[in-house]
Each structure stands twice: as structure tokens, then as C-alpha cells.
Amino acid sequence: MTDRQNGNMNRSDDDFGNTQYFKPQKEEESAAKKVLSVVYEALTTKGYDPVNQIVGYIMSGDPTYITNYMGARSLIMRVERDELVEEILRSYIRNNNW
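From a predicted model like this one, the values you see are computed outputs, not experimental measurements.

## Comments concerning the packing of aromatic side chains
Thinking step 1. Counting across every chain of the model gives one aromatic pair.
Thinking step 2. Note on Tyr92 and Trp98: the rings are 5.4 Å apart at their centroids and 85° apart in plane angle, and the pair reads as edge-to-face.
Thinking step 3. Residue Tyr92 is classed as partly exposed on the basis of its relative accessible area of 43%.
Thinking step 4. You can call Trp98 exposed: its relative accessible area is 67%.
Thinking step 5. Just above the ring of Tyr69 sits the side chain of Lys46; from NZ or CZ to the centre is 5.1 Å.

This is the structure:
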């Protein structure tokens, strides 16, 4: 009997010759994406240029670039700035078919 027939899930050398198939589950919307959406809406509603304001926040870390309206300032401070950059880049790549 083989290891698998015995219920032993240890891989043998023969198993490494086969390709495993991995199907990831549908990616849920990231926290950074949700936050950016709310912040964008809040900045736009208040008449600010959301791109300039978000860039100012990411570059400086100064939360006063973001309005308090709709809780946007407290929301954006819950997400690391590098995560915001990653989400923006991910979205750009997705939308430009890189």
C-alpha cells in the first residue's frame, strides 16, 4: 500500500512531478480601497481636489490634508500609507491591463 492509501498525506518524490492547481477565492474589496472611496467622496463633496489632497497626505503623513467630513480623516489614518499606495498602484495596473 502507498502512503496515501494508508491515510498518510506525506508527499513522496513522485508527487513533485505533478502540477497542483490552485484556484484563489474571489478577492474581497480591501480596506484601503474602501477607505480611499469614502475619502475621495468626502473630499469631492467638500470641493477639494481629491488627488492633490490624498497625495499630500501620503507624501507628508499630515492628516490635515484630509477633511473630517464623513469621518474621512479618522478613516484614512487607520490604513498605513504604504497600503494606500499599493491599492492605488494595484488599481492602476488592473485598469491599464499591465
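## Here we look at a nonpolar patch on the surface
Thinking step 1. Taken together, the side chains of Leu89, Tyr92, Ile93 and Trp98 present a nonpolar region at the surface, about 450 Å² in accessible area.
Thinking step 2. Structurally, Trp98 can be placed in the segment after helix 4 (81-95).

## Here's the deal with the packing of helix 1 (residues 31-45) against helix 4
Thinking step 1. Two elements in contact, helix 1 and helix 4, have axes whose closest approach is 9 Å; the angle formed by their N-to-C orientations is 90°. Compared by their axis directions, helix 1 and helix 4 come out roughly perpendicular. Counting all contacts with helix 1, which are made through Ala32, Lys33 and Leu36, the residues of helix 4 involved are Glu83, Leu84, Glu87, Ile88 and Arg94.

## Side note on the nonpolar core
Thinking step 1. Of all hydrophobic cores here, the largest spans 14 residues; its most connected members are Val39, Ile54, Tyr57, Ile66, Ile76 and Leu84.
Thinking step 2. Counting only elements with at least two residues in this core, the list comes to helix 1, helix 2 (50-60) and helix 3 (72-76).
Thinking step 3. The dominant element in this core, judged by the number of residues it contributes, is helix 1, at six residues.
Thinking step 4. Apart from the residues lying within four places of it in its own chain, the contact partners of Ile54 are Leu36, Val39, Leu43 and Ile66.

## What to know about the environment of Ser60
Thinking step 1. Within the element layout of this structure, Ser60 appears in helix 2.
Thinking step 2. Within polar-contact distance, the side chain of Ser60 engages the backbone oxygen of Gly56 at 2.7 Å.
Thinking step 3. A polar atom in the side chain of Ser60 sits 3.0 Å from the backbone nitrogen of Asp62.

Reading the values: the criteria
- Residues numbered from 1 in each chain as written.
- Predicted model: local features only at pLDDT ≥ 70, side-chain atom pairs only at ≥ 80, totals over all residues.
- Heavy atoms only, no water.
- Phe/Tyr/Trp six-rings, centres within 6.5 Å; stacked < 30°, edge-to-face > 60°.
- Buried < 20%, exposed > 50% of the residue type's maximum accessible area, 1.4 Å probe, protein only.
- Lys NZ or Arg CZ within 6 Å of the ring centre and 35° of its normal.
- Patch = residues over 30% accessible without salt bridge, like charges linked within 9 Å, V, L, I, M, F, W, Y side chains within 5 Å.
- Areas by Shrake-Rupley, 256 points an atom, 1.4 Å probe, with all protein chains shown as cover.
- Salt bridge = Lys/Arg side-chain N within 4 Å of Asp/Glu carboxyl O.
- Helix = DSSP H or I, 4+ residues; strand = E, 2+ residues; numbered from the N terminus.
- Axes fitted to C-alpha atoms, helices over the stretch in contact; angles between N-to-C directions.
- Parallel < 35°, antiparallel > 145°, perpendicular 65-115°, else oblique.
- Contact = heavy atoms within 4.5 Å.
- Core = buried A, V, L, I, M, F, W, Y, C linked by side-chain atoms within 4.5 Å.
- Polar contact = N/O pair within 3.5 Å; in protein donor to acceptor, adjacent residues only side chain to side chain.

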